[in-house]
Every structure is written in C-alpha cells, then in structure tokens.
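Analysis of the macromolecular model
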Amino acid sequence: MVGGRKGTPREILGAPHPLLSATTEPVDPTAPEVVAAAADLLATLRRETSTPGLAAPQIGLSWRLIAFDTRLHPRSRSWAGELVLANPRLASASHWDPGREGCASIPGLTADVLRASRITVHAHLPGTGEPVTIEADALEARCIQHQLDHLDGLLILDRVPGALSLHRRLHSCDS
Amino acid sequence: MGLSAVTVLGVDRPGVIAAVTGSLADCGANIQDSTMTLLGGHVAMMLLVSGDLDSAELLKRLCAPDLVVTASAIEAQRHFCEEGGGLGYVLTVHGPDRPGIISAISAVLAEDGGNITGMSTRLTGRLYVLIADVELPKEVDVAALMRRLAAVGACLDSEITFRPVEPDLL
C-alpha cells in the first residue's frame, strides 16, 4: 500500500523500448497521480519475485520513482524494507566493487558493472512527501544504484567496462 | 618455431575444449593466446599456438573428428597502434535488431583510425547489443567522433554510449 492505495501490477517494458533510454521527470510526491503510480510500481515489484527492484520507466512512466525490497535476497546485508522513493538522489557513494547484474527489462543478458557498495540516498515518500535518507550497502546499494540509472535512461549495457563483460543469463542467481 | 592461428567450430558438448587442447598438446603445440565462446549452441574457439609443426602438419595431426578445424600460418604480430600511443574507449550499442549495425558503427570508427580490439554482440529477443573495446589515435577529435556515432545511432534507432576506459589502478 502507498498512501492508502493498493495499486495494480503493470506490464514490464523490455529493451529496446525508447522509454528505457529517456531521462525521467521529477514528481510531486503528494500528487494523487504520483501516489497511484507509486502504488502500481510496488504492486508490480511484488508480482515480479525474481527482481528486488524496479523503476518507473520499466512500467511505462517517465517519472523519478523507484521501488525496492532486498530483504529476501541472499546477498543482502542492509535492508530498508519494502520502499517506494520519489525523486531519489545519490548523496554519497564509496567502496566500489564489480558485480554481475541482470535487469527485468533485459531478460536474456547479464553484465559486469562497477557499483559503490556503500551509499546514501535522499528522497521523499510518496503520499506524505516526508523526506527520507537511506543508508545502504552491498546488494541493496547495488539495487538502488541500478534503479537510479533507470531514472537517467541508463541500462546495465551502458555501464559495462569492456567487450567481454556481457554475458548470457544462464542462472537465475545472476539477477 | 612456427606460429599458427587455429579455429575450432562445433556443436557444444562437455569435453570439446579438453579434446582440442589435449590433441594440441600431443602435437607439441603451445597455446599462446586463446578465446572461446558459445554462439547459438555452437562452440567457437580461436587459438594462437606455437610449436615445431607447421600449420599444414598441425592440421593433419589434430584429432577432432566432429569439429571444423582450420590452421593458418601467422608470420608476425602486427600492432596498429604504437604501444602507449592510443587511447582506450568502450563503445556500447543497444537497440532493435537489424542488418548493418556493426558495419555502420565500425565504419565511423575506421574513418578516424579507430581500432576495435575486442567485440561481443548478443541478440536476446528483439534487443541487439554490441559492446566493443576501441583504441583511438591520440589526435582524434573525440567530441566530433561521438557526434557522428550519435547520428549513426539515431539512423539505426539505437542508443550508443562511448566513454573512456577507466582502468582500475590497484
């Protein structure tokens, strides 16, 4: 539930859909249509049990909204719980590590991507508009950065360090 | 001592690499460089090997009955860019699949003397992905090259990223 709304799961767009390569717009976190979109994003994330995070462009909305819940992932250390964030902004990033990532919008491939393993993110909660600060590490930090990239029109394919860093997805644990 | 380029193609199964490399070892061939990948369920392998046998003799003695193997003599290593004379970049292209993507992109790079030193392409569903390591001569106007790449990308309906390699210095 976001702002008292249950939300409706939506279809996840797959690359090369142009929305996935577009920069998104900031939102008013208290606006009813934004709260409704946040609820839909969360409902979609709950349905897609293979991924711990989603961003609004993946469900066809060019808005700065992300949702994540890394509690069940085996590589999680920190977990903020199940959250939807409006206008998230990376405030600090450190301890960079390479890691292999998949993406719900790119079903067949994974890629090696360098990410900070400790981050601080400022955002607002849809509904109340309350400001929040998230301190995340390990898988949760990687997941949040992956979603932030979606808001800037970037896919993991735009982050690979070299020609041999792209892989076919062979195992479900790649995600 | 001769240097040979060996290519191996065949249906993928466990033991293919062991069979090829074992046979090379039996021929006294030393593997200097190699790469292998799977292409649509087929194993594709390329090796540079050195040894006493010339390419023709090596091909004759290689035991790989269910594989397509070629061997060619290599005269010398060629360097298109002087050591330390080039700048490394990573090019990524992704968009809807269509014929001509590689040729269009590589032609733009070639106009400026850009050398593709590694490349992988993958097709998954409708999505076509190309990742390439590119070495550019130092004198290239990179901003102008990026504008030309962007224009070609727009014609191909594809997104193109071109950025300097940032090596990890540990």
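Please read these numbers as outputs of a predicted model, since none were measured by experiment. (Residues numbered from 1 in each chain as written. Chains lettered and ligands numbered in written order. Predicted model: local features only at pLDDT ≥ 70, side-chain atom pairs only at ≥ 80, totals over all residues. Heavy atoms only, no water.)

What about the overall build of chain A?
On a plain count of helices and strands, chain A comes out with 2 helices and 6 strands. From first element to last, N terminus to C terminus, chain A shows the α and β order α-β-β-β-β-β-α-β. On C-alpha atoms alone, chain A measures out to a radius of gyration of 15 Å, which is about the 16 Å that the 2.2 N^0.38 rule sets for 175 residues. Looking at chain A as a whole, 55% of its 175 residues are labelled buried. Across chain A, the fraction of contacts at a sequence separation of at least 24, relative to all contacts at a separation of at least 6, is 69%. When the accessible surface of chain A is totalled, it reaches about 7700 Å², and 54% of it is carbon and sulfur. (Helix = DSSP H or I, 4+ residues; strand = E, 2+ residues; numbered from the N terminus. Rg over C-alpha atoms; globule rule 2.2 N^0.38 Å. Buried < 20%, exposed > 50% of the residue type's maximum accessible area, 1.4 Å probe, protein only. Contact = heavy atoms within 4.5 Å. Areas by Shrake-Rupley, 256 points an atom, 1.4 Å probe, with all protein chains shown as cover.)

Concerning the nonpolar core
All names here are of chain A. Counting 20 residues, the largest nonpolar core has Val 2, Leu 41, Leu 65 and Val 84 as its most contacted members. Top contributing element to this core by residue count: helix α1 (residues 32-47), with 8 residues. Those residues in contact with Leu 65 that sit more than four places away from it in its chain are Val 27, Val 34, Ala 37, Ala 38, Leu 41, Ala 55, Ala 56, Leu 85, Ala 86, Pro 126 and Leu 151. (Core = buried A, V, L, I, M, F, W, Y, C linked by side-chain atoms within 4.5 Å.)

Observations concerning the interface of chain B and chain A
Between chain B and chain A, the residue contacts involve 21 residues of the former and 17 residues of the latter. The largest share of the area that chain B buries against chain A comes from His 94, Arg 122 and Leu 127 of chain B, three residues that together contribute 31% of it. Applying the counting rule to chain B against chain A returns 10 residue pairs in polar contact (both at pLDDT 80 or more). For the side of chain B that touches chain A, the secondary structure elements donating two or more residues are β5 (86-96), β6 (115-124), β7 (127-137) and β8 (159-164) of chain B. The greatest single-element share of the side of chain B that touches chain A, amounting to 6 residues, is contributed by β6 of chain B. (Buried area = accessible area lost by both parts, 1.4 Å probe. Polar contact = N/O pair within 3.5 Å; in protein donor to acceptor, adjacent residues only side chain to side chain.)

Looking at the sheet that holds β8 of chain B
Residue and element names in this part refer to chain B. Within the open sheet, the 4 strands sit side by side as β6-β7-β5-β8. Their pairing is antiparallel. At either margin of the open sheet sits one strand with a lone partner, and together these are β6 and β8. Between one strand axis and the next, the sheet turns through 15° on average, direction left out of account. In this structure, β6 lies alongside β7, joined through 9 bridges in antiparallel fashion. From the neighbouring strand, Asn 115 faces β7, where its bridge partner is Glu 135. Across the sheet, helix α3 (residues 101-111) lies against β5, β6, β7 and β8, angled at about 155° from β5, the strand it touches most. Sheet strands in contact with helix α4 (residues 142-155) are β5, β7 and β8, and its direction is about 160° off that of β8. (Pairing = 2+ DSSP bridges. Axes fitted to C-alpha atoms, helices over the stretch in contact; angles between N-to-C directions.)

Quick word on the confidence of the model for chain B
Residues and elements named next belong to chain B. When pLDDT is averaged along chain B, the result is 89; 91% of the residues meet or exceed 70. Summarising per-element confidence for chain B, the mean pLDDT is lowest in strand β2 (residues 30-39) (90) and highest in α4 (96). What the predictor reports for the complex is a pTM of 0.84 with an ipTM of 0.76. (pLDDT = per-residue confidence, 0-100.)

So, helix α2 (residues 138-151) of chain A
Residue and element names in this part refer to chain A. The end-to-end C-alpha distance of α2, which contains 14 residues, comes to 21 Å, matching closely the 20 Å that a straight helix rising 1.5 Å per residue would cover. Along α2, 14 of the 14 residues are buried, which leaves the element largely enclosed by surrounding structure. In the segment just after α2, Gly 153 is the residue with positive phi, at about 75°. (Expected span 1.5 Å × (residues − 1).)

Brief notes about the state of the cysteines
All names here are of chain A. One pass over the full model with this rule turns up 0 disulfides over all chains. No disulfide involves Cys 103; its sulfur sits 10 Å from that of Cys 143, the nearest cysteine. Exposure remark for Cys 103: the relative accessible area of 3% places this residue in the buried category. With relative accessibility at 6%, the residue Cys 143 sits in the buried group. (Disulfide = S-S within 2.5 Å.)

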